[in-house]
Amino acid sequence: SLTLVVSRFVGCLGHGRLARGHCLDEPGHILNLVGLIVEAVLFGLFTCCMMVDQWDVVMTNVTHIDRLKGETGFGFLDDTSRMLGINE
């Protein structure tokens, strides 16, 4: 979506008007584009942060909360036992 917004913005600046529809006729149109770009960038940063966090959990088998508690990685049976509440 960010590519489409930038291409429309450049197209409007280069030709003044697109073949169909209107370009940045009012200041509110530019404000909408800037808001959309800011929202897209924030969403992209959030997605990247979550992806890095999940990758870390997959590679170490320890969540951030477990790391703060000082716990180490568990095996599959240990995780299943903890999830079901079975104490060995």
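Residues numbered from 1 in each chain as written. Predicted model: local features only at pLDDT ≥ 70, side-chain atom pairs only at ≥ 80, totals over all residues. Heavy atoms only, no water.

1. Details of the overall build of the chain
Okay, step 1: Within the chain, the secondary structure is distributed over 4 helices and 0 strands.
Okay, step 2: Starting at the N terminus and ending at the C terminus, the chain contains elements arranged as α-α-α-α.
Okay, step 3: A total of 88 residues make up the chain; the buried ones form 9% of that total.
Okay, step 4: Put simply, 17% of the contacts in the chain that link residues at least 6 apart link residues at least 24 apart.
Okay, step 5: For the chain, the computed accessible surface area is about 7400 Å², with 69% contributed by carbon and sulfur atoms. (Helix = DSSP H or I, 4+ residues; strand = E, 2+ residues; numbered from the N terminus. Buried < 20%, exposed > 50% of the residue type's maximum accessible area, 1.4 Å probe, protein only. Contact = heavy atoms within 4.5 Å. Areas by Shrake-Rupley, 256 points an atom, 1.4 Å probe, with all protein chains shown as cover.)

2. Here's the deal with the pattern of salt bridges
Okay, step 1: Taken as a whole, this structure holds 1 salt bridge when the rule is applied.
Okay, step 2: D56 is the salt-bridge partner of R67, the closest N and O atoms lying 2.8 Å from each other. One end of the pair, R67, is in helix α3 (residues 64-69); the other, D56, is in helix α2 (residues 27-60), with 11 residues separating them in the sequence.
Okay, step 3: Overall, the relative accessible area of 38% leaves R67 in the partly exposed class. (Salt bridge = Lys/Arg side-chain N within 4 Å of Asp/Glu carboxyl O.)

3. A look at a nonpolar patch on the surface
Okay, step 1: The grouping of L2, V6, F9, V10, L13, I30, V34, I37, V38, V41, L42 and L45 at the surface amounts to a nonpolar patch, some 1000 Å² of accessible area in total.
Okay, step 2: Take the nonpolar patch: its biggest share by element is 7 residues, from α2.
Okay, step 3: Within the secondary structure layout, I30 lies in helix α2.
Okay, step 4: The exposure class of I30 is partly exposed, given its relative accessible area of 39%. (Patch = residues over 30% accessible without salt bridge, like charges linked within 9 Å, V, L, I, M, F, W, Y side chains within 5 Å.)

4. Topic: the environment of V5
Okay, step 1: Its location among the elements puts V5 in helix α1 (residues 2-15).
Okay, step 2: Its relative accessible area of 8% is what places V5 among the buried residues.
Okay, step 3: Those residues in contact with V5 that lie beyond four places of it in its chain are L33, L36 and I37.

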